[in-house]
Amino acid sequence: MSRRAGFLCLAILGTFLGAPPAHCQEPNIDTVLDREMPSLLSTYKTLHAAPELSHHEGKTSSFVAGQLRALGFEVNERIGKYAGHPDWLGYGVVGELKNGIGPTVYIRTELDALPVDEMTGLPYASKARTKDDAGREVGVMHACGHDIHITSFLGTAMMLMELKQQWSGTLVMLAQPAEEAIDGAKAMLDDGLYTRFPRPDYVLALHDAPTVAAGKVGYTPGYAMAGSTSVDVILRGIGGHGSAPQVTKDPIVEAAQFILAIQTIVSRENSPFDPAVVTVGSVHGGTRYNIIPDEVHLQLTIRTYKEEVRQHILKALDRMAQGIAAADGIPASRAPIVTASESQYTPALYNDPGLTLRLAQVFKRALGPENVVERPPVMASEDFCRFGLENHQIPICQFTLGAVDAAKLEESQRTGVPLPGLHSSLWAPIPEPTLRTGVKSMTSAALDLLKK
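Note that the coordinates shown come from a computational prediction; the quantities given were computed from them, not determined experimentally.

Conventions and cut-offs
Residues numbered from 1 in each chain as written. Predicted model: local features only at pLDDT ≥ 70, side-chain atom pairs only at ≥ 80, totals over all residues. Heavy atoms only, no water. Helix = DSSP H or I, 4+ residues; strand = E, 2+ residues; numbered from the N terminus. Rg over C-alpha atoms; globule rule 2.2 N^0.38 Å. Contact = heavy atoms within 4.5 Å. Areas by Shrake-Rupley, 256 points an atom, 1.4 Å probe, with all protein chains shown as cover. Lys, Arg positive; Asp, Glu negative; His and termini not counted. Charge placed at Lys NZ, Arg CZ, Asp CG, Glu CD. Pairing = 2+ DSSP bridges. Axes fitted to C-alpha atoms, helices over the stretch in contact; angles between N-to-C directions. Phe/Tyr/Trp six-rings, centres within 6.5 Å; stacked < 30°, edge-to-face > 60°. Buried < 20%, exposed > 50% of the residue type's maximum accessible area, 1.4 Å probe, protein only. Core = buried A, V, L, I, M, F, W, Y, C linked by side-chain atoms within 4.5 Å. pLDDT = per-residue confidence, 0-100. Salt bridge = Lys/Arg side-chain N within 4 Å of Asp/Glu carboxyl O. Polar contact = N/O pair within 3.5 Å; in protein donor to acceptor, adjacent residues only side chain to side chain. Parallel < 35°, antiparallel > 145°, perpendicular 65-115°, else oblique. Left-handed = near helix turned anticlockwise from the far one by under 90°. Nonpolar A, V, L, I, M, F, W, Y, C, P; charged D, E, K, R; others polar.

Okay, the overall build of the protein chain next. A count of helices and strands for the protein chain gives 12 helices and 18 strands. Relative to the globule expectation of 22 Å for 452 residues, the C-alpha radius of gyration of the protein chain, 25 Å, shows essentially globular dimensions. For the protein chain, the C-alpha atoms occupy an extent of roughly 100 × 50 × 45 Å along the three principal directions. Long-range contacts, defined here as pairs at least 24 residues apart, represent 82% of the contacts in the protein chain between residues at least 6 apart. As displayed, the protein chain offers around 20500 Å² of accessible surface, 55% of which is attributable to carbon and sulfur atoms. For the protein chain, the distance from the average position of its 40 positive side-chain charges to the average position of its 49 negative side-chain charges is 3 Å.

Shown next, in the form of structure tokens:
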């Protein structure tokens, strides 16, 4: 029986006989998932083995576009070109499906992976290597689970196409590049995302987690993730021979003083009621054992929820760098340079409370109340928040998708020995229950928001 004939049979029998027999009933999420799970697992393993770095997601983008097009979506590619970076083509994908009158719901996934050598030992582990934007050869891995996100995204698109008779409105499937560089969402918005395509009434996303068991989801109303700012600090000195430090101004010693000093910004200058993090992620200086270099370059990340806290930390970083340089007798012409990145900045993620609590109830009905947990905010960051626009104009919600074995998680919590987490070379979600829950929860959320 064709799909159209099946729906016609359902309508006729529903009119004259009451409830239709099983062979004429519309498909449900679990039935379709049972049928499609082998294909979804194959897609996941294919994506996992072929990761691509931020700004270079060409093959992943084309794959997602092709999958959406095959499902019947109207697809646009290359959304989000980067001004000033002609080599970064902007690999955003927008798949649009109009299905009658109703709200517009965006569902978003990320496309990029991380410069990490995978050490999981899985049969489908990534062996990919490439050059990063600095020209260094690096391994590449989906160490943040974006392959889980993409597969759940495609599964949800397939499911909502299959269940078209159950909803009405406009569905937009949004595949975003460069989340790890936290500039992909802004690039897509700057490229006219909300003017070239329908403006959303809601935007949804999910993110896998190493602290929630597979089969469960978590939700956080209001602020859920911190804002992030990348900061470059160049500490300049006067180089020379390692045997004669007295005729130099050693920027490595200056860097050591600076790294220790900035630890007091959070502990002594910031209110304990305003969460903040200052982390030095890399230190680069010098070339040989016996050469005092001319400068040391540090890369920092700061995480805050409040803009005023962010601004205070930025000013404190500059104040401490200048003060240490002055105390070390470094001339003004060699003063430190502290620069906050404009491109690698993202505000805090604010989950619309009304939307989030509504979806929590949807998840409880779909998965069972025991599989839905409220989660506290975290200091991690990502740029999904930008799709809500300034002042939270558009309701958005990113929920948490459990991805680890429940028994291992319980053992970890009992012993205090942590499991491998996101961005780890050992991060390995359990594919089947994670994908099943991801597709079911996101599909259920979209059906509720688009219900007739």
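And the narrative resumes.
Attention now goes to the sheet that holds strand β15 (residues 337-346). In spatial order, the strands read β12-β14-β10-β15; together these four strands make up an open sheet with antiparallel pairing. Looking at which strands have only one partner, the edges of the open sheet turn out to be β12 (276-285) and β15. Strand-to-strand twist across the sheet, computed as the mean angle between neighbouring axes with direction ignored, equals 20 degrees. Of the strands in this sheet, β10 (227-236), β12, β14 (295-304) and β15 touch helix α9 (residues 307-327), which is tilted by about 160 degrees from β14.

Below, the discussion takes up the packing of aromatic side chains. Applying the stated criterion across every chain yields a total of six aromatic pairs. Ring centres 5.8 Å apart and planes at 75 degrees place the aromatic pair Y223 and Y305 in the edge-to-face group. Taken together, the residues Y223 in strand β9 (residues 222-225) and Y305 in the loop between β14 and α9 connect sequence positions 82 residues apart. For Y223, a relative accessible area of 38% corresponds to the partly exposed category. The exposure class of Y305 is buried, given its relative accessible area of 17%. Arranged with centres 4.6 Å apart and planes meeting at 55 degrees, the rings of F363 and F399 form a pair that is tilted. On the criterion of sequence distance, the pair formed by F363 in helix α10 (residues 353-367) and F399 in strand β18 (residues 396-404) is long-range, its members being 36 residues apart. Pair check on accessibility: F363 and F399 agree, each one buried.

In this structure, L68, F73, I107 and L204 are the most contacted members of the largest nonpolar core, which totals 54 residues. Once residues lying within four places of it in the same chain are set aside, the contact partners of I107 are F153, T156, L160, L171, V172, M173, L174, L204, M442 and A446.

Further remarks concern the side chain of T104. In this fold, T104 is placed in strand β3 (residues 104-110). When neighbours within four sequence positions are excluded, T104 is seen to be in contact with T170, V172, P198, R199, P200, D201 and Y202.

Residue-level pLDDT values for the protein chain average 93, and 94% of them are 70 or greater. This model gives residues 1-20 a pLDDT under 50, and the stretch forms 17 contacts once residues within four places in sequence are excluded.

Turning to the pattern of salt bridges, a few remarks are in order. For the coordinates displayed, the defined rule picks out 22 salt bridges. We note a salt bridge from R108 to D383, for which the minimum N-O separation is 3.3 Å. In this pair, R108 is assigned in strand β3 and D383 in the loop between β17 (372-374) and β18, connecting sequence segments 275 residues apart. For R108, a relative accessible area of 3% puts it in the buried group. We classify D383 as buried; its relative accessible area is 0%. For E307, the salt bridge is made with R310, and the minimal N-O distance between the two is 3.0 Å.

A few words now on the environment of D208. Positionally, D208 belongs in strand β7 (residues 202-213). On the basis of relative accessible area, D208 is assigned to the buried category, the value being 2%. Each C-alpha atom, one on D208 and one on V253, is 41 Å from the other, the two residues being 45 residues apart in sequence. A polar contact of 3.2 Å, which involves the side chain of D208, links it to the side chain of H207. Within the structure, the side chain of D208 is placed 3.1 Å from the side chain of W427, a separation counted as a polar contact.

Right, let's get into the packing of α10 against helix α12 (residues 431-449). In the contact formed by α10 and α12, the axes pass within 9 Å of each other and the chain directions differ by 125 degrees. In this view, α10 runs oblique relative to α12, as classed from their interaxial angle. Two packed elements cross with a definite hand, and for α10 against α12 that hand is right-handed. The residues of α12 that touch α10, namely those facing L355, R358, L359, V362, F363, R365, A366 and L367, are T437, K440, S441, S444, A445, D448 and L449. Class assignment of the residues belonging to the contact of α10 with α12 gives a composition of eight nonpolar, three polar and four charged.

Our focus in this paragraph is the packing of helix α7 (residues 251-261) against α9. Packing of α7 against α9 brings their axes to within 10 Å, and their N-to-C directions diverge by 140 degrees. In the packing of α7 onto α9, the handedness of the crossing is right-handed. Contact with α7, carried on its side by E254, Q257, F258 and A261, involves L317, M320, A321, I324 and A325 of α9 and no other residues of that element. Residue composition of the contact of α7 with α9, grouped by class: seven nonpolar, one polar and one charged.

A few words now on the pairing of strand β6 (residues 169-176). In terms of residue burial, β6 counts as a mostly covered element, since eight of its eight residues are buried. Bridge count between strand β2 (residues 92-99) and β6: seven bridges; the pairing is antiparallel. Residue pairing in the sheet places G95 in a bridge with M173 of β6. Of the pairings in the sheet, the one linking β3 to β6 comprises seven bridges and is parallel in character. Note that in β6 the partner of Y106 across the bridge is V172.

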